[in-house]
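Summary of structural features
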Amino acid sequence: MKNNINLLYCLLGSFVLTLLNHPLLSAARLGIFPSGYGSSLFGEIFVLTTNLLAFVGYLLLIICCTLLLITNINPKKNK
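What comes next is a walk through the structure. As the structure is a computational prediction, the values presented were derived from the model and not from experiment. (Residues numbered from 1 in each chain as written. Predicted model: local features only at pLDDT ≥ 70, side-chain atom pairs only at ≥ 80, totals over all residues. Heavy atoms only, no water.)

What follows concerns the packing of aromatic side chains. One pass over the structure, following the stated rule, counts three aromatic pairs. The interplanar angle of 65° and the centroid separation of 6.0 Å between the aromatic rings of Phe33 and Phe42 together place this pair among those described as edge-to-face. With a centroid separation of 6.0 Å and 70° between ring planes, the pair formed by Phe33 and Phe46 is classed as edge-to-face. Taken together, the residues Phe33 in the loop between helix 2 (23-31) and helix 3 (41-73) and Phe46 in helix 3 connect sequence positions 13 residues apart. (Phe/Tyr/Trp six-rings, centres within 6.5 Å; stacked < 30°, edge-to-face > 60°. Helix = DSSP H or I, 4+ residues; strand = E, 2+ residues; numbered from the N terminus.)

The next subject is the environment of Thr66. The topology assignment puts Thr66 in helix 3. With relative accessibility at 39%, the residue Thr66 sits in the partly exposed group. For the pair Thr66 and Leu7, spaced 59 residues apart in the sequence, the C-alpha separation amounts to 9.9 Å. (Buried < 20%, exposed > 50% of the residue type's maximum accessible area, 1.4 Å probe, protein only.)

Set out below in structure tokens:
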């Protein structure tokens, strides 16, 4: 049971990371820089970092979903 709770927390965190690529948040992220994010080095690094974090979120989401399915399909019987 504790493993399932930890995996659900991992899923929740991964889902939050994947929301970085949502169009609403993407527009807000790019709206921080009035002249466009390409005009400053910080803007380019910021956008690259958030894209990388979103990609990691997608990977973690796939891994955690797979682990959650595996642990619930083959539960260990503690009798």
